[in-house]
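Given next are the chains, with one letter for each unit.
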Amino acid sequence: MSNIVVLGSQWGDEGKGKIVDLLTRDVHCIVRFQGGNNAGHTLVVGGKKTILHLIPSGILQPHAHCFIGNGVVLDPRVFVDELDTLAAQGIDVGPERITISPKTHVIMPYHKFLDMAREEALSGEKQIGTTGRGIGPCYEDKAARIGIRAGDFANLDLMRSKVETALVEKNMLLQNLYGKDPVQVDEVMEQMLAVAPRIAPMLGDVSGALEAAMSDEKSILFEGAQGTHLDIDHGTYPFVTSSTTVAGNAASGSGIAPRCLDRVVMVVKAYTTRVGGGPFPTELADCDGDHLQQTGAEFGATTGRKRRCGWLDLPVLRESTRLNGPTDIAITKLDVLTGLDSIKVCTGYKFRGEIIEYPPQYQGALAEVEPVYEELPGWKEEIGGVTSWISLPTNAKEYIRYLEHTLRTPVSIISVGPDRDQTLIRK
């Protein structure tokens, strides 16, 4: 059995949740290895929609065990609410199905207050477009070695001591820099005491459990959040998330060796979307953009914000390919392109007098590029009910072949609708 990494290739919202749900039919363990509840994975099974923010998408497969790795930042209130929502649907979400690494850092109330205060203090183009979920400040505390970790739910005296230390600095910033009310230790601890009995029983050695699973020849799927171009190192900085989103972090964020990663499935939306601020070379502000936004129901699963839409950007995907080394590609939302007379694809950028095939590497430079397009024929046939490769319209197949040829990577999975069953598998 192989171990699989599933990750996004663009700016998130590629449809990773559906691909994870599909692939977990054949794996035993699913690991979330980075990010927090600023990510939302939407699953549709039998017409019923489920949106997950922290619990791995494999939870809908009753045989699978879900893990939250050390690379994640966990909002305990959101996590418990998610448990309750799934339980109300009859899904088993007990400690025998979900394990949280004690090394996972915890998003505290003051992280969210600070996140929003910072964004409010910025104006116009300087705003990052943060979800305000406290993700960045939590990762900051992790790097500053003053963070609260999930293991602290088993030692609440230690947690209180760490909160007291953290609030000295946080209240100084909230009060004196941003003019906000201070946060009280007792208020924070009251919230943590309320969720501790739900979280403490789920703590366990994720690294050890994954090692044991591999020794028993069980397969593991590593579920990424956000997208490659939101990576803190390789994305469109500073309009990025606060974690490492590329394939290499699946090992570090889960506590296993890189040699254990066998397959990397890179999820590519058939066009491009982006939420929040930041450069977007192929963004459309015309009827084609409206078609993509409306037909694709492009609203953020976490924030509800309307997504910016544009044509497929091959320079972005070339960069994702060299950063992640995918073995194969899953293409999503191909059905959204149905009905367009022609489909444009960005093949390169005009940048400072020359044509380049990869995004420029300097901060802000992507905002200077001009996309170079190639036009491909569209198709009118509805494909939501197509069940085989051979039944796809000729132009749809040519669109996929074009992508495969350019990225030199095979497309193994094709999504033609939101439901789990609206998926084609190519060998």
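For the structure given in this document, a descriptive report is provided here. (Residues numbered from 1 in each chain as written. Predicted model: local features only at pLDDT ≥ 70, side-chain atom pairs only at ≥ 80, totals over all residues. Heavy atoms only, no water.)

Time to look at the overall build of the chain. Assigned secondary structure in the chain consists of 11 helices and 19 strands. If you line up the chain on its principal axes, its C-alpha atoms span 65 × 50 × 40 Å. In the chain, which comprises 427 residues, the proportion classed as buried is 56%. (Helix = DSSP H or I, 4+ residues; strand = E, 2+ residues; numbered from the N terminus. Buried < 20%, exposed > 50% of the residue type's maximum accessible area, 1.4 Å probe, protein only.)

Here we come to the nonpolar core. The biggest cluster of nonpolar side chains holds 50 residues, and the ones touching the most others in it are Leu210, Phe222, Leu334, Leu337, Tyr399, Leu403 and Ile414. Looking at which element gives the most residues to this core, the answer is helix α11 (residues 394-407), with five residues. Those residues within four positions of Leu334 in sequence are excluded, and the remaining contacts are Ala270, Trp379, Ile383, Ala396, Tyr399, Ile400, Ile414 and Ser415. Grouped together as the second largest cluster of nonpolar side chains are 40 residues, Leu60, Val93, Ile98 and Ala166 included. (Core = buried A, V, L, I, M, F, W, Y, C linked by side-chain atoms within 4.5 Å. Contact = heavy atoms within 4.5 Å.)

Right, let's talk about the pattern of salt bridges for a bit. Going through the model one piece at a time under the given rule, you end up with 23 salt bridges. Across the pair Asp141 and Lys170 runs a salt bridge whose closest N-O atoms are separated by 2.9 Å. Of this pair, Asp141 sits in helix α4 (residues 135-144) while Lys170 sits in helix α5 (residues 156-177); the two residues are 29 residues apart in sequence, bridging distant segments of the chain. Each of the two residues, Asp141 as well as Lys170, counts as buried. Three or more residues joined by partner-sharing salt bridges are found here, namely Asp13, Lys269, Glu298, Arg307 and Lys333. (Salt bridge = Lys/Arg side-chain N within 4 Å of Asp/Glu carboxyl O.)

Counted by the stated rule, this structure contains zero disulfides. Among the cysteines around Cys29, which has no disulfide bond, Cys66 carries the closest sulfur, lying 9.1 Å off. Of all cysteine sulfurs, the one in Cys309 lies closest to Cys346, which takes part in no disulfide; the gap is 16 Å. The class of Cys346 is buried, set by a relative accessible area of 0%. (Disulfide = S-S within 2.5 Å.)

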